[in-house]
Amino acid sequence: MLLHIPGVLGGDDLAECRAALRDAAWTDGRGTAGFLSAPVKHNAQLHWQDPVAIRLGELVRARLEQSPLFLSAALPAAILPPLFNRYAGGDYYGPHIDGALRPIDGTNRRIRTDLSITVMLSDPAGYDGGELVIEDLLGGRTIKLPAGDAIVYPANTIHEVTPVTRGERLAAFTWIQSVVRDDADRQLLFEFDAALQKLPSGAEADGARLQLTNLYHRLLRRWAEL
Ligand code: NI
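Residues numbered from 1 in each chain as written. Predicted model: local features only at pLDDT ≥ 70, side-chain atom pairs only at ≥ 80, totals over all residues. Heavy atoms only, no water.

S.K.: Can you help me understand the pattern of salt bridges in this one?
M.R.: Opposite charge on two side chains lets them pair, provided their charged atoms get close. All told, the structure shown has ten salt bridges when counted by the stated rule. A salt bridge links aspartate 114 to arginine 112; the nearest nitrogen and oxygen atoms lie 2.8 Å apart. Arginine 112 matches aspartate 114 in its accessibility class, with the two residues each being buried. Linking arginine 186 and aspartate 183 is a salt bridge whose minimum nitrogen-to-oxygen distance equals 2.9 Å. (Salt bridge = Lys/Arg side-chain N within 4 Å of Asp/Glu carboxyl O. Buried < 20%, exposed > 50% of the residue type's maximum accessible area, 1.4 Å probe, protein only.)

Below, the structure is given as structure tokens:
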């Protein structure tokens, strides 16, 4: 499931992120790439131990955890601390995959990457290129979103970021292990929840709401892994 989540970050959040990232200690993005990805990765990232990355990462994670749409869609069991990247001057990240397992930096634990998420920090009018392209059976879905918006997509896809030929593209990104491992099962629950939210309020619908909520939780109980 590909899901666009508008307004994860507000105007003040974006201003804080951009100000802190302006003079941040950017490093070569290849530092975190696997052997297949490194040759096609040309961008800059903040190290996970960078105090700016830690502070802004906590902000982004808190905003995600406040988003009902994100929580309903991702059913997160674990969210890695978000990282930050910058594409400018022709930077790109060619077609690649995200590994199935990722370390929780600073620990000896790992998560299974069910979902990838990118939160846009730059106004799309401020740069050319820099589209996220996610391959599917139609060829590829091209995504360019307003600042503050997020895209959630299955981490098992081949995807790329096209060259940024003007301006600068800043983004936060991370991975999520979901309580529900299977993308189709998780999507069914998401659509079920969205339909539940559309039930009219009032006593007349309360019986149906209770029954349907029970069915939602019965499916979640069937599929959940903790
Ligand atoms: Ni990737």
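From this point, things continue past the structure.
S.K.: Explain the domain arrangement of the protein to me, please; I cannot follow it from the model alone.
M.R.: Many descriptions give the size of an interface as the accessible area lost when the pieces come together. Domains assigned within the protein are domain 1 (3-178) and domain 2 (183-223). The centre of domain 1, based on its C-alpha atoms, is set 30 Å off from the matching centre of domain 2. Between domain 1 and domain 2 the total buried area reaches about 630 Å² when both faces are included, carbon and sulfur atoms providing 64% of it. Together, Ser72, Ala73 and Leu75 form the three largest contributors to the area buried by domain 1 at its contact with domain 2, with a combined 60%. In this structure, the connection of domain 1 to domain 2 is made through two residue pairs in polar contact (both at pLDDT 80 or more). In terms of residues, the side of domain 1 that touches domain 2 owes the most to one element, helix H3 (residues 68-74), which gives four residues. (Domains from an automatic or database assignment. Buried area = accessible area lost by both parts, 1.4 Å probe. Polar contact = N/O pair within 3.5 Å; in protein donor to acceptor, adjacent residues only side chain to side chain. Helix = DSSP H or I, 4+ residues; strand = E, 2+ residues; numbered from the N terminus.)

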